[in-house]
Structure formats: C-alpha cells, structure tokens
Amino acid sequence: MSRRKTLVTVAAAALVLGLSGVAQADPSGTPTFRQLAGVGSDTTQGVVNGLSDAITVGGTKIIASYDAVGSPTITTNDASTPNCTIPRPANSGEGVNALVASLDNGTNCVQFARSSANNSSSYAGKNLTYVPFAVDAVTYAVRSDSSISKKLTTAQLKSIYNCTAPGVGTTYKPLLPKFGSGTRAFFLSSLGLTNAANYTTTFPCVHDTDPTNAPIEENTGTFLTDPANVAPYSIAQYQSQINGVVPAVQGKAVLATLNGISPTSLNTSSSFKRDVYNVIPSAQVGNAPYAGTFVGPDSAICAAGDVITKYGFGKAANCGDTSIVTP
C-alpha cells in the first residue's frame, strides 16, 4: 500500500479521537514537534487544530497547527534547528509571510500556512500552491442589544463601510479586523471596496483597533463593545464558538441575515461564500507528507469530512485541488 493511501486509512480510523472536546490552542501531546508546522488564519485554526488531532501516520501526529493568538512567539522545531522560534503569525497574511520567510531563508520552520482568502496574487514568484479544503461564508455581526437592523443588504453594508450611510459614527460604528486578516480582505472585496493598510485613514468612521488601541482580531465578538458596532464574522467560526468546539469568544455578538439569507448554519447559497485554504510550497505538491495530507480528493484532510463539518464548515467540492498557484 502506498504511503499516501496508508495515511488516508490511518487518518480515517483516527477521526473518532478528534470528534470530542475543544480543539487545543497550540499542538499538544506527542510529538512536540511535527513534520508539518502550520500558522496563520484565525478563521481556520480551529478546524485545522481538529484535523491535526485526527490525522496520524503509524499512530503519530504529523500536523502542528499554531493559533493566531497566544504567546508572542512560537517554536516550531527543536533546538537542533536554528531560528525556529518566530513571532506568532496572527492572520492569513502573516501566516503566508512566515511560510515565505521559511522558504526564502531555508530554515524549514514552517511547512504550510492557513489562509481564509486567496491572496496568491500578492506572492508572485514565491512558488506557492493554495489548496482548498473547506467552504465558509461571511456575514456581519452586531451585539444582541444593538438597534442596528439584522437584515441588511450588500449595498447597505457597503455604505456603512465607505462612511456614506446616514448615522455613521453614531448609529453605526463599523469595525474591521487588523490588516492582513483574510476575512477583512474577503469582506471588503465582497462589498466592492479595496482593502489596504490605510483603509481606516481613508474611511475614518471604520476602526481596526479597539478603544485601548489593541488590534482587532477577526471573528472575536468581544471586540464589539458598543451597541453601534458592526463587524464581519465567519459563520463557521461563530457556529464553532457557540457549539463549544473552540473557545467561546463571541461575547454579545449575534450574526445577522445578509441579503435575506439566514446565517444560522453554513449555507452554500450565502452571498459571501468562500473557499478556505492550506498554502504549501509548490515544489512539495507531489512529495510526502504534503501529498498524502493536502493534495487530491483522497488526501487525509479531504477524507476527514466529519471533522470539517464539526467545525461549522462545508467540505469543498474542489478539496485538494492544486490549480491555484502564485503567478
């Protein structure tokens, strides 16, 4: 039996072990350091953490998934490998940056990046492949005590986020995750707006820091401190939070209906539907353990549909596809 098929078979048997409890924040248990260290997106950290517990080769876990929030630094390899204590990547953009730095510097500290957006155009010449594995959708969230309508349209949301809606600054106080967030980039693009580091300067009614000037983390409802706040939110992440499979950080946030489509569960007809990705070096697409883990519909991750849906995501019809490569 091929290594790839062995991986899939063992992974399927291991899924039962990954279907209970809350996903760990950083890798736990043995081995401490693993063949595939991944960093990046807050949106997909829970489901990839769950996959890291479920997928094994010969009973040994091979995926190490490090959360977007936690200690200032992470160590992804042992002391015999220099320079593998790195700043913790806090979102999709920082995760891909860390993968690129690992490749450029030859440190091999990071093997893949979690990304909730296809930002491949930003990494020309870096020889990366964006491998889809699940489907998410984004809507907007408000506080449960907010008077903001929970039935807005794309046009209405756009007017809030370009600061032209009546009542912006009083009735509406829009928030965005900090720059680099895949959810931020996807949300603004879906509204027909251009994401940029200086977005909140161009549109000063929008804030990406809280009242203490701390950067806003995506899909974290506790940042909605004012009933006038509105923010983008991953439906899958919200469902994971309220169902207790990831830490409950939704606070008073509730999801709203966008364009008449209910956000109570992942709906493949959602207006702002998106694939989410694991980003790997293109040079490794055909090599173990990357191939057996990420690549193709029979890869270990694509075989783990129960884990993917447990975390509120839909399994991508193109799971394991390798056609998205950096230009």
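Asker: Explain the state of the cysteines to me, using residue names and the numbers behind them.
Answerer: Counted under the stated rule, the structure contains three disulfides. Here Cys84 connects covalently by a disulfide to Cys109, the sulfurs 2.0 Å from one another. Here the disulfide of Cys84 and Cys109 is left-handed, its torsion about the S-S bond being about -90°. Taken together, the positions of Cys84 in the loop between β5 (73-75) and β6 (85-87) and Cys109 in the loop between α3 (92-105) and β7 (112-115) put the pair 25 residues apart, joining distant regions of the chain. Each member of the pair Cys84 and Cys109 is classed as buried. The residue that forms a disulfide with Cys163 is Cys205, at a sulfur-sulfur distance of 2.0 Å. Handedness of the Cys163-Cys205 disulfide follows from its S-S torsion of about -95°: it is left-handed. Here Cys205 lies in the loop between α6 (199-202) and β11 (229-234) and Cys163 lies in the loop between α4 (154-161) and β10 (173-174), a separation of 42 residues in the sequence. Here Cys205 falls in the buried class, since its relative accessible area comes to 14%. Indicated for the protein is the disulfide connectivity 1-2, 3-4, 5-6, based on numbering the bonded cysteines in sequence order.

Asker: How would you summarise the nonpolar core if you had to cite specific residues and measurements?
Answerer: Proteins that are soluble and globular tend to have nonpolar side chains buried together. Ranked by internal contacts, the top residues of the largest apolar core, which has 32 residues, are Val47, Leu51, Phe133, Ile280, Phe294 and Phe313. Within the residue set of this core, elements represented by two or more residues are α2 (45-54), β8 (128-143), β14 (273-281), α8 (290-294), α9 (300-303) and α10 (305-310). Formed by 23 residues, the second largest nonpolar core is a distinct cluster that contains Ile148, Leu157, Leu193 and Phe272.

Rules behind the numbers
- Residues numbered from 1 in each chain as written.
- Predicted model: local features only at pLDDT ≥ 70, side-chain atom pairs only at ≥ 80, totals over all residues.
- Heavy atoms only, no water.
- Disulfide = S-S within 2.5 Å.
- Helix = DSSP H or I, 4+ residues; strand = E, 2+ residues; numbered from the N terminus.
- Buried < 20%, exposed > 50% of the residue type's maximum accessible area, 1.4 Å probe, protein only.
- Core = buried A, V, L, I, M, F, W, Y, C linked by side-chain atoms within 4.5 Å.

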